[in-house]
Amino acid sequence: MNINIITAFRKMIDVNTPIICIQDYDFVRIDEIIKEVTGGKKVLEWNPATGATNFKTKEQMGEFEPLDTFLQDKYVAEPVKPQELYLVLKDVQDYLDDPKVKSILHLMAQRRLYGPDYDTTVIIVSSYIQIPQEIEKYVSYLEIGFVNDEDEIRRLINEHTEVNKYHDLQEDDIKKLMPSLKGMTLFEIDRMLDMAMSSNGSLSSEDSQMILQQKKQMVKQSGLLELIDTPASIDGIGGMDFLKSYLRKKQLVFSNPVKAQEYKLTNPKGIFIVGMPGCGKSLCAKATASLFNAPLLKMDMGSMMGKYVGQSEANLRKAIQIAEAAAPCVLWIDEIEKAFSGSDGSSNNDIMVRMFGYFLSWMQDKTSSVYVIATANNAERLPPELKRKGRFDEIFCVNLPNKDERKAIFEVHLKHKGQDVALAQNTSLLNATDGFNGADIEAVVNDTIEKLFIESAEKNWANTTKSITAEQLIATAKETVSIKKSCKQQIAAMEKVFKQSSFKDATTGKLTSTDS
């Protein structure tokens, strides 16, 4: 049993917290925690199925009574002497908006805080909790989280092998299984081990792949994160040579957690990529997941926002918990500046400030195998806290591609379209596309092929060719409005921020700041 959870729970009780909320669906596990904390004190339970229930035996106590009646009885009751009492309310989410229930909980909370002879603590346990605003200030949340302690995971594995009388599991198998089991609840770990044992009658390091597949299903079911297919290859990115080399090295650490622990290495945190739109930042996130052989989860900060008090923060906490449960994985946060640009308090957005603070704390302290890739198009709107060391392993900036990078990008797209890759070496073409980003270059190739297709169709496919020429590409490029022209002010502002910040250039690896 996690000692940190027990300690936090006891501390809440010691400071007279009126209402403690525990969001979890593993009620058996939560019951064990409550028993450990309350000891021999009196505990009563209420749930929608049986009403007032004996917490230990789970037997119904008398006739069914509604929640408001149950609470009112415990509020007005005057014991002969002060008695420590715990009321465990399970699956009461649908009842919390009832005016009478809210009113009684409010009165009980105030009496708990200010009444010297009233010692009743309400513990709400539910798989989903949305606390009404009227009682929000009296509530503290007990974070259960996921199991990342290797000793605890090892204990569960040993229990399973003992119960199933399977003694062929080697120490090397255990070490390889543990990273894939991290980030799940005890219940989920137990279920995963049962599935592994039932599928082939044994347990080995080969079961890691089955466990990872199950983790992917958990992500899909959550609805808070998007599971992205990752067909992209890091070799399919034109330019950004230093960044690609950096990621290949990080892959060696990420993909060998057991060996990394032997060297006392911590798990890589992730990278922050700031740069011009259409320069390959999103492609880089997809290619990284492919390189790391890990699922790619995309977090849309807009989908985290809820209409109820505390819902946005709860959604962010849950999304991060799901990502940790899916570890090892890559978590991609696109256009992060849009989500946290108001976190400095200038826009009086208290919700965003709290969410930003939680995200920063998680990035600072996280030890899980969640590799975060945050991308931003607007460097001016970045909060300074996001750029400090310790949040990300490195911050990279992506400029408009230079001549060699444009050549590499042309080669990627020409090869993908089945065209002559040698066209990318045409000097006039490279000069004509100065100031183009990767998306512009892709558009030049696509538009040129489309023009050729239309010409062939108009000639009824007579005496036509499927191959484009350098001259045709140059003509298309001259008709294309590059990002350097269409976003002149934004690019100038971005370049100014780059010079003022100590980012690493994704191409050269050199620091952008000229300050010593």
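Residues numbered from 1 in each chain as written. Predicted model: local features only at pLDDT ≥ 70, side-chain atom pairs only at ≥ 80, totals over all residues. Heavy atoms only, no water.

## Describing unusual backbone geometry
Moving on, step 1. Located in the positive-phi region is Lys58, a residue other than glycine, with phi close to 65 degrees.
Moving on, step 2. Structurally, the position occupied by Lys58 is in the loop between β3 (51–54) and α3 (67–76).
Moving on, step 3. Given the relative accessible area of 35%, Lys58 is considered partly exposed.
Moving on, step 4. For Met240, which is not glycine, the phi dihedral falls at a positive 50 degrees.
Moving on, step 5. Structurally, the position occupied by Met240 is in the loop between β7 (225–228) and α9 (241–254). (Helix = DSSP H or I, 4+ residues; strand = E, 2+ residues; numbered from the N terminus. Buried < 20%, exposed > 50% of the residue type's maximum accessible area, 1.4 Å probe, protein only.)

## Regarding the pattern of salt bridges
Moving on, step 1. As enumerated under the stated definition, the model contains 19 salt bridges in all.
Moving on, step 2. The shortest N-O distance in the salt bridge between Lys102 and Glu134 comes to 3.2 Å. Taken together, the positions of Lys102 in helix α4 (residues 99–114) and Glu134 in the loop between β5 (120–126) and β6 (139–141) put the pair 32 residues apart, joining distant regions of the chain.
Moving on, step 3. Among the ionic pairs, Lys451 bridges to Glu479, the shortest N-O distance being 2.6 Å. In this pair, Lys451 is assigned in helix α18 (residues 438–458) and Glu479 in helix α19 (residues 470–479), connecting sequence segments 28 residues apart.
Moving on, step 4. The class for Lys451 is partly exposed, based on a relative accessible area of 33%.
Moving on, step 5. Assessed through its relative accessible area of 56%, Glu479 is described here as exposed. (Salt bridge = Lys/Arg side-chain N within 4 Å of Asp/Glu carboxyl O.)

## Here's the deal with a nonpolar patch on the surface
Moving on, step 1. A cluster of nonpolar side chains, Phe453, Ile454 and Trp461, forms an exposed patch at the surface whose accessible area comes to about 340 Å².
Moving on, step 2. Counting through the fold element by element, Trp461 comes out in the loop between α18 and α19.
Moving on, step 3. Trp461 gets classed as partly exposed once you look at its relative accessible area, which sits at 49%. (Patch = residues over 30% accessible without salt bridge, like charges linked within 9 Å, V, L, I, M, F, W, Y side chains within 5 Å. Areas by Shrake-Rupley, 256 points an atom, 1.4 Å probe, with all protein chains shown as cover.)

## So, the sheet that holds strand β13 (residues 504–505)
Moving on, step 1. Overall, mixed pairing links the seven strands, which are arranged β7-β9-β10-β11-β8-β12-β13 in an open sheet. The open sheet has two edge strands, β7 and β13, and neither has a second partner.
Moving on, step 2. Alignment of strand β8 (residues 270–275) against strand β12 (residues 394–398), held across five bridges, turns out to be parallel. Within β12, the position partnered with Ile271 by the bridge is Glu394.
Moving on, step 3. Where helix α8 (residues 208–222) meets the sheet, it contacts β7 and β9 (296–299), and its direction lies at approximately 135 degrees from that of β7. (Pairing = 2+ DSSP bridges. Contact = heavy atoms within 4.5 Å. Axes fitted to C-alpha atoms, helices over the stretch in contact; angles between N-to-C directions.)

## Details of empty space enclosed by the protein
Moving on, step 1. Counting across every chain of the model gives two cavities of 30 Å³ or more.
Moving on, step 2. Taken as a whole, the second largest cavity holds about 30 Å³ of empty space.
Moving on, step 3. Lining the second largest cavity are Asn377, Asn378, Ala379, Glu380, Gln490, Ala493 and Met494.
Moving on, step 4. Tallied by class, the residues present in the lining of the second largest cavity amount to three nonpolar, three polar and one charged. (1 Å grid on protein atoms, 1.4 Å probe; cavity = no way out; pocket = protein on both sides within 12 Å on 5 of 7 lines; lining within 4 Å. Points joined across faces, edges and corners; volume = space filled by probe spheres on them. Nonpolar A, V, L, I, M, F, W, Y, C, P; charged D, E, K, R; others polar.)

## Structural notes on the side chain of His413
Moving on, step 1. For His413, the position within the fold is in helix α16 (residues 403–416).
Moving on, step 2. A residue is classified by how much of its surface remains accessible, and His413, at 16% relative accessible area, is buried.
Moving on, step 3. Every residue in contact with His413, bar those within four places of it in the chain, is listed here: Gly438, Ile441, Glu442 and Val445.

## A word on the sheet that holds β3
Moving on, step 1. As summarised here, the arrangement of the six strands in space is β3-β2-β4-β5-β1-β6, forming an open sheet in which the pairing is mixed. Across the chains shown, the open sheet's two edge strands, defined by having one partner strand only, are β3 and β6. Shown here is a sheet whose adjacent strand axes are inclined to one another by a mean of 25 degrees, direction ignored.
Moving on, step 2. Here strand β1 (residues 19–23) runs beside β6; their pairing, made up of three bridges, is parallel. Counted as the bridge partner of Ile20 is Ser140 from β6.
Moving on, step 3. The sheet strands contacting helix α1 (residues 3–14) are β1, β4 (85–90), β5 and β6, and the helix crosses β1 at an angle near 160 degrees.
Moving on, step 4. Along the sheet, helix α2 (residues 27–38) contacts β1, β2 (42–47), β4 and β5; its crossing angle with β5, the most-contacted strand, is approximately 160 degrees.

## Overview of the packing of helix α13 (residues 311–325) against helix α15 (residues 350–365)
Moving on, step 1. At a minimum axis separation of 9 Å, α13 and α15 run at an interaxial angle of 20 degrees. Taken together, the axis directions place α13 and α15 in an arrangement best described as roughly parallel. Both α13 and α15 take part in a crossing whose hand is right-handed. For the pair formed by α13 and α15, the contact residues are Ser312, Glu313, Leu316, Arg317, Ile320 and Glu324 on the first element and Ile351, Arg354, Met355, Tyr358 and Trp362 on the second. (Parallel < 35°, antiparallel > 145°, perpendicular 65-115°, else oblique. Left-handed = near helix turned anticlockwise from the far one by under 90°.)

## Remarks on the nonpolar core
Burial of nonpolar side chains together is a common tendency in soluble globular proteins.
Moving on, step 1. Phe272, Met299 and Leu331 are the most contacted members of the largest nonpolar core, which totals 73 residues.
Moving on, step 2. At seven residues, α15 tops the list of elements feeding residues into this core.
Moving on, step 3. Apart from the residues within four sequence positions on either side, Phe272 is in contact with Ile336, Ala374, Thr375, Ala376, Leu382, Leu386, Phe392, Glu394, Ile395 and Phe396.
Moving on, step 4. Counting residues in hydrophobic clusters, the runner-up holds 26 residues, among them Phe70, Leu87, Leu89 and Ile131. (Core = buried A, V, L, I, M, F, W, Y, C linked by side-chain atoms within 4.5 Å.)

## Digging into the environment of Leu423
Moving on, step 1. With respect to the helices, strands and loops of the structure, Leu423 is situated in the loop between α16 and α17 (427–432).
Moving on, step 2. Of the residues examined, Leu423 reaches a relative accessible area of 12% and is grouped as buried.
Moving on, step 3. Separated by 50 residues in the primary sequence, Leu423 and Leu473 have C-alpha atoms spaced 8.9 Å apart.
Moving on, step 4. Among all residues touching Leu423, those that are not within four sequence positions of it are Leu414, Leu429, Ile468, Thr469, Ala470 and Leu473.

## As for the packing of helix α5 (residues 150–163) against helix α6 (residues 171–181)
Moving on, step 1. With their axes 10 Å apart at the nearest point, α5 and α6 run at an angle of 120 degrees to one another. When the axes of α5 and α6 are compared, the pair comes out oblique. In this structure, α5 meets α6 at a crossing whose hand is right-handed. Each of Glu150, Ile153, Arg154, Ile157 and Asn158 in α5 lies in contact with α6, whose residues at this interface are Glu171, Ile174, Leu177, Met178 and Leu181.
Moving on, step 2. Split into classes, the residues belonging to the contact of α5 with α6 amount to six nonpolar, one polar and three charged.

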